Amino acid sequence: MTPEVERLLERANLAEAEGDLGEALIGLEAAVKLAADETLPRLRLGMLRHRIRDYVRAHETLAEATRLDPENAEIAFRLGLTCDALGDREQAQAAFARTMMLAPSSWQTWFLIGRDHRQLGHAEVARLAYLRALDAAPDEPELQYELGTLLWEMGMRDEGFACLERAVLACPVDPAFTLRLALAEMERDNLPAAHRLLTTAKHLDPGERRIDLALQDLWLRRKIVRKGKRAA
């Protein structure tokens, strides 16, 4: 890659880490335009578009990256996640199978094993698979999120909450991560933190109905708390 493309990627990384979605998108789109046949800028742009729920454009970007580098397991994995989000189960499974074939001992493969067992109701097997993935990729936000939600469902709430926090810290631009952490804060009766997180999630995805429902629930809970204080 040219120094200019590397500079744009670095700037986009910093913007995404700071939650500046617009700046991150501008940097990555510019990097793709300058990068000719380089796959990394397309991979990064596709991942970001997926995280902000722009699945159609994410698919276009990742499909182009796949065409340029069909032997790249990370690109195959990200394409599979996007196909799955679009409801194309057949293409998702094909991409996931390619991921596991190209990188059988990778964190992505252990993630997929864990997810399959979770869907089958094998929570403990899924937990162990996610932990194997975490050993190899402790900073992957999707992995932290998946493990966090699983642990929460298993009643291991302190550990699950810590994973959800790490997911949001690693990827502050994903509204689903922020929403799930907000719901966890509500269940822990930390209503000010839940309000802050839901406000952030609403900013990231104004049209998401689940965020609106969570805000309504939070309003009712805060109203009950205020009434209780006045009654006391």
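This one's a predicted model, so the numbers in the text were calculated from it and none came from an experiment.

Our focus in this paragraph is the packing of aromatic side chains. Each aromatic ring pair is specified by the distance between its two centres and by the angle formed by the two planes. Taken as a whole and assessed by the stated rule, the structure comprises six aromatic pairs. Taken together, a centroid distance of 6.4 Å and an interplanar angle of 45° make the contact between Phe77 and Phe96 tilted. Highlighted residues: Phe77 in helix α5 (residues 73-85) and Phe96 in helix α6 (residues 89-102), separated in sequence by 19 residues. With centroids separated by 5.5 Å and ring planes inclined at 90°, the aromatic side chains of Phe77 and Phe111 adopt a geometry described as edge-to-face. Placement of Phe77 in helix α5 and of Phe111 in helix α7 (residues 107-119) is noted, with a sequence separation of 34 residues between them. A relative accessible area of 0% means that Phe77 is categorised as buried.

Let us look at the pattern of salt bridges. Two side chains with opposite charge may pair up if their charged atoms get near one another. All chains considered together, the criterion is met by 23 salt bridges. Among the salt bridges present, the one from Glu146 reaches Arg118, with a minimum N-O distance of 3.1 Å. Taken together, the positions of Glu146 in helix α9 (residues 141-153) and Arg118 in helix α7 put the pair 28 residues apart, joining distant regions of the chain. Residue Arg157 pairs with Glu187 through a salt bridge whose shortest N-O separation is 2.9 Å. With Arg157 in helix α10 (residues 157-170) and Glu187 in helix α11 (residues 175-187), the pair connects residues that are 30 residues apart, well separated along the chain. Assessed through its relative accessible area of 38%, Arg157 is described here as partly exposed. On the basis of relative accessible area, Glu187 is assigned to the partly exposed category, the value being 40%. Salt bridges sharing common partners tie together Glu16, Arg44, Arg51, Glu74, Arg78, Glu140 and Glu142.

Bringing the confidence of the model for the protein chain into the picture now. In this model, the protein chain carries a mean pLDDT of 94, and residues with pLDDT of at least 70 account for 97%. Mean pLDDT across the secondary structure elements of the protein chain bottoms out at helix α13 (residues 209-231), with 84, and peaks at α5, with 98.

What counts and what doesn't
- Residues numbered from 1 in each chain as written.
- Predicted model: local features only at pLDDT ≥ 70, side-chain atom pairs only at ≥ 80, totals over all residues.
- Heavy atoms only, no water.
- Phe/Tyr/Trp six-rings, centres within 6.5 Å; stacked < 30°, edge-to-face > 60°.
- Helix = DSSP H or I, 4+ residues; strand = E, 2+ residues; numbered from the N terminus.
- Buried < 20%, exposed > 50% of the residue type's maximum accessible area, 1.4 Å probe, protein only.
- Salt bridge = Lys/Arg side-chain N within 4 Å of Asp/Glu carboxyl O.
- pLDDT = per-residue confidence, 0-100.

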